[in-house]
Amino acid sequence: MKKSLTLAVAALACAASATVAIAHHSFSMFDPAQEIVLEGKVVRWAFTSPHTFMIIEDAAGKVWAFEGAAPPALLARNPPMTGDTFKGGDPITVIMCPLRDGRAGGASGLFITADKAVYNPADAGCRANQRIADWPAWIEKGYKSLADAKAAGEAKAQ
C-alpha cells in the first residue's frame, strides 16, 4: 500500500511538472513581427537557468530586460556565450522583439558588441537571429527596425 501511494504521488508530481514545463515555453508575450534595435550599456548579464537575461540601460536612463536561451544552448553557439561574455558598463546593441504589453523588455534576437562581434542569444521568441548576416550592415545604414529594412527594400516581408 505504501509503495502504491509513493508511486501515485510520484506520477502526479511528474504530470504536474510536465504541465508547468510546457506552459513555461510560451513566447506569446513577445511580438516576433517586430525587430527593434536598442543601444545601451550592460547593467547585468544573467547567465541563469532556465533562461538568460540581458539587462541594459539606454541613453535616456531607461532599464530594459531581454530573455534569451538557456546557458547550455549558448555555450554551443558560435561565438559561444558564457557568464563572463558581457560585463556591466559594456556598450551593447540589442536587436529584440518587444513585449506585447509595452513594458521595457522583450525577447533577445542578437547582441552586437562595440568590437562588432555578433552573438545569437535567441530562444524562439525573436527571429532576428535568422538575419544574423544582415543586421550589422543594416545598423551601419542607420536602420532601427526590421520595418526600416523592409521599407528600404532590403528585407522581404514574412
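Everything below is about the structure shown above.
My aim in this report is to walk through the structure given alongside it, one point at a time. (Residues numbered from 1 in each chain as written. Predicted model: local features only at pLDDT ≥ 70, side-chain atom pairs only at ≥ 80, totals over all residues. Heavy atoms only, no water.)

1. Things to note about the packing of aromatic side chains
Here is the rule: Two aromatic rings from Phe, Tyr or Trp, using only the six-membered ring of Trp, form a pair when their centres are within 6.5 Å; if the ring planes differ by under 30 degrees the pair is stacked, by over 60 it is edge-to-face, and anything between is tilted. To qualify as a helix, a DSSP run of H or I must reach at least 4 residues; to qualify as a strand, a run of E must reach at least 2; elements of each kind are numbered from the N terminus. Each residue's exposure class comes from its accessible area (1.4 Å probe, protein chains only) as a fraction of the maximum for that residue type: buried when under 20%, exposed when over 50%, partly exposed otherwise.
Applying the stated rule across the entire model yields seven aromatic pairs. Between Trp45 and Phe111 the ring centres are 5.9 Å apart and the planes differ by 90°, which places this aromatic pair in the edge-to-face class. On the criterion of sequence distance, the pair formed by Trp45 in strand E1 (residues 36–46) and Phe111 in strand E5 (residues 105–113) is long-range, its members being 66 residues apart. Judged by centre distance (5.0 Å) and plane angle (75°), the ring pair of Trp135 and Trp138 falls under edge-to-face. Placement of both Trp135 and Trp138 in helix H3 (residues 135–140) is noted, with a separation of three residues, approximately one turn of the helix. Trp135 gets classed as buried once you look at its relative accessible area, which sits at 0%. Judged by relative accessible area, which is 3%, Trp138 ranks as buried.

2. Topic: the nonpolar core
When a protein is soluble and globular, its nonpolar side chains tend to lie buried together. Let me state the cut-off plainly: We define the nonpolar core as a collection of buried residues of types Ala, Val, Leu, Ile, Met, Phe, Trp, Tyr and Cys that are connected through side-chain atoms lying within 4.5 Å of one another. Whether two residues are in contact is decided by their heavy atoms, any of which lying within 4.5 Å being enough.
In this structure, Ile95, Leu110, Ala128, Trp135 and Trp138 are the most contacted members of the largest nonpolar core, which totals 17 residues. Those elements giving two or more residues to this core turn out to be strand E4 (91–98), E5, H3 and helix H4 (146–151). For this core, the leading source of residues is E5, giving three residues. Those residues in contact with Trp135, other than ones at most four positions away along the chain, are Glu35, Val37, Ile95, Leu110, Ala128, Tyr143, Ser145 and Leu146. In this structure, Leu38, Ile56, Trp64 and Leu74 belong to the second largest nonpolar core, which totals 16 residues.

3. Regarding the environment of Asp134
In this structure, Asp134 sits in the loop between strand E6 (118–119) and H3. Considered as a pair, Asp134 and Ala155 are 21 residues apart in the sequence and their alpha carbons are 8.7 Å apart.

4. Here's the deal with the pairing of strand E3 (residues 63–67)
We count it as follows: Only strands that DSSP links by at least two bridges are regarded as paired with each other.
Judged from the five bridges that link them, strand E2 (residues 53–57) and E3 form a sheet pairing that is antiparallel. Bridging from a neighbouring strand, Ile56 pairs with Trp64 of E3. In sequence, E2 turns back onto E3 through a hairpin of five residues, with Gly61 there showing a positive phi of about 90°. In the sheet, E3 pairs with E5 via three bridges, with the strands oriented parallel. Its bridge partner being in E5, Ala65 is matched across the sheet by Gly105.

5. Regarding the pattern of salt bridges
The condition that has to hold: A side-chain nitrogen of Lys or Arg and a carboxyl oxygen of Asp or Glu constitute a salt bridge if their distance falls within 4 Å.
Taken as a whole and judged by the stated rule, the model has five salt bridges. We note a salt bridge from Asp101 to Arg103, for which the minimum N-O separation is 2.7 Å. We note that Asp101, like Arg103, is exposed. Put simply, Glu140 and Lys116 hold a salt bridge, and the shortest N to O gap is 3.5 Å. Of this pair, Glu140 sits in helix H3 while Lys116 sits in the loop between E5 and E6, and the two are 24 residues apart along the sequence. You'll find Glu140 and Lys116 in the same group, each marked exposed.

6. Describing unusual backbone geometry
For the bond from Ser49 to Pro50, the omega torsion is 15°, close enough to zero to count as cis. Summarising the element assignment, Pro50 is placed in the loop between E1 and E2. The residue after Asn78, namely Pro79, is reached through a cis peptide bond having omega 0°. Here Pro79 is to be found in the loop between helix H2 (71–75) and E4. A positive phi angle is found at Lys116, which is not glycine, with a value near 75°. Not every positive phi belongs to a glycine, and Ala124 is a case in point at roughly 70°. In this fold, Ala124 is placed in the loop between E6 and H3.

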